[in-house]
Amino acid sequence: MKTAILAQGRGVLSLKTKGYLVHMLTASGAVFAMLALLEAVKENWAMMFVWLIVAFAVDGIDGPLARKFEVDIHARRIDGVLLDLIIDYLTYVFIPAFALFQSGLMPGWTGWFAIIVITFMSAIYFADSRMKTSDYSFSGFPGCWNMVVLVLFALKPGFEVILFIVVVLSIAMLLPIKFVHPFRTERWRMITLPVAFAWTFFGGWAAWVDFDPQSWAHWGLIVTTLWLMLAGVAQQVLYKENL
């Protein structure tokens, strides 16, 4: 009996340790956010996005690990959801919005408009208790401005186009439009998950070559971004889903 209890204790301790290690992995995103911010201050946009993509990759793997090791049970002193949201706001919203403003892609009042709308609307969205649907997709545009701004840096459209995109996506945060979660939305996951990995690869490639317009990474970004942005809408249309 005593041996069984000790073995059980070691098992619980092991799960607890693994849970807190997952929290530490999530928290490392704050370090990558700081490294990205330091590069943004120096206007080294390529390296800024490299660090943001590293943070994006960490955010992609910590969720499945958290669920596997049941951190809400075995490491519940730390609120993993809150920790994740704090870091996501830094890496998905705050730093990309600063880059969009500071880079000059949106001159004059358009830059001020963009950072105010992006940061304000994203703060509201991140606090929305109904942001997830029954199939673990997102209801409304999920504030992935890091992905949007990276594509804008790569393609460099006119500021009028960027302003239009900012307005449309900000409004889309409030609308019952479905956006898939690459890991958690089961329908089409066999396609969406590899596409998300491909987007990460193409994004890193584009940043690494300093957004060279001749790079094939740009075409990869366009194709993968369109899928990730529109797959949820397509599911709503094809399967008559209501959020």
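Structure shown above.
Residues numbered from 1 in each chain as written. Predicted model: local features only at pLDDT ≥ 70, side-chain atom pairs only at ≥ 80, totals over all residues. Heavy atoms only, no water.

Q: For this particular structure, what's the right way to read the overall build of the protein?
A: Assigned secondary structure in the protein consists of nine helices and two strands. Element order for the protein, N to C, with α for helix and β for strand: α-α-α-α-α-β-α-α-β-α-α. Relative to a compact globule of 243 residues, whose C-alpha radius of gyration would be 18 Å, the protein shows 19 Å and is just as compact. Overall, the C-alpha framework of the protein stretches about 70 × 45 × 35 Å when taken along its three principal axes. Relative to its full complement of 243 residues, the protein shows a buried share of 45%. Within the protein, contacts between residues separated by at least 24 positions form 76% of all contacts whose residues are at least 6 apart in sequence. Of the roughly 13,300 Å² that the protein leaves accessible, carbon and sulfur atoms contribute 71%. (Helix = DSSP H or I, 4+ residues; strand = E, 2+ residues; numbered from the N terminus. Rg over C-alpha atoms; globule rule 2.2 N^0.38 Å. Buried < 20%, exposed > 50% of the residue type's maximum accessible area, 1.4 Å probe, protein only. Contact = heavy atoms within 4.5 Å. Areas by Shrake-Rupley, 256 points an atom, 1.4 Å probe, with all protein chains shown as cover.)

Q: Got a minute to help me understand the side chain of K178 in this structure?
A: With respect to the helices, strands and loops of the structure, K178 is situated in strand 2 (residues 178–179). A polar contact is formed between the side chain of K178 and the side chain of D135, at a distance of 2.6 Å. (Polar contact = N/O pair within 3.5 Å; in protein donor to acceptor, adjacent residues only side chain to side chain.)

Q: Sorry if this is basic, but what is going on with helix 7 (residues 159–172) here?
A: The first and last C-alpha atoms of helix 7 sit 20 Å apart over 14 residues, in line with the 20 Å expected at 1.5 Å per residue. Every buried residue of helix 7 is listed here: I162, L163, V166, L169, S170 and A172. Lining the buried residues of helix 7 we find helix 4 (80–102), helix 5 (109–126), helix 6 (145–155) and helix 9 (217–239). (Expected span 1.5 Å × (residues − 1).)

Q: What should I look at first to understand the environment of M34 in this one?
A: One can find M34 in helix 1 (residues 2–41). By relative accessible area, M34 is classed as partly exposed at 46%.

Q: Can you walk me through the packing of helix 8 (residues 189–208) against helix 9 in this structure?
A: The description of two helices packed together rests on the angle between their axes and the distance between the axes. Here helix 8 crosses helix 9 at 145°, and the two axes come no closer than 9 Å. Two packed elements cross with a definite hand, and for helix 8 against helix 9 that hand is left-handed. Residues I191, T192, V195, A196, A198, W199, F202, G203, W205 and A206 of helix 8 touch helix 9, and the partners they reach there are A217, H218, G220, L221, T224, T225, W227 and L228. Residues that form the contact of helix 8 with helix 9 fall into these classes: twelve nonpolar, six polar and no charged. (Axes fitted to C-alpha atoms, helices over the stretch in contact; angles between N-to-C directions. Left-handed = near helix turned anticlockwise from the far one by under 90°. Nonpolar A, V, L, I, M, F, W, Y, C, P; charged D, E, K, R; others polar.)

Q: Would you take a moment to explain the nonpolar core for this structure?
A: Note on soluble globular proteins: their nonpolar side chains tend to be buried together. Judged by nonpolar contacts, the single largest core of 56 residues is most densely connected at M48, F49, L100, F141 and W145. If you list the elements that add at least two residues to this core, you get helix 1, helix 2 (45–68), helix 4, helix 5, helix 6, helix 7, helix 8 and helix 9. Examining the composition of this core, we find that nine residues originate from one element, helix 6, more than from any other. Filtering out sequence-adjacent residues up to four positions away, L100 remains in contact with L105, M106, A114, I118, V149, L152, F153, I162 and V166. Of all hydrophobic cores here, the second largest spans five residues; its members include V22, A66, F69 and V71. (Core = buried A, V, L, I, M, F, W, Y, C linked by side-chain atoms within 4.5 Å.)

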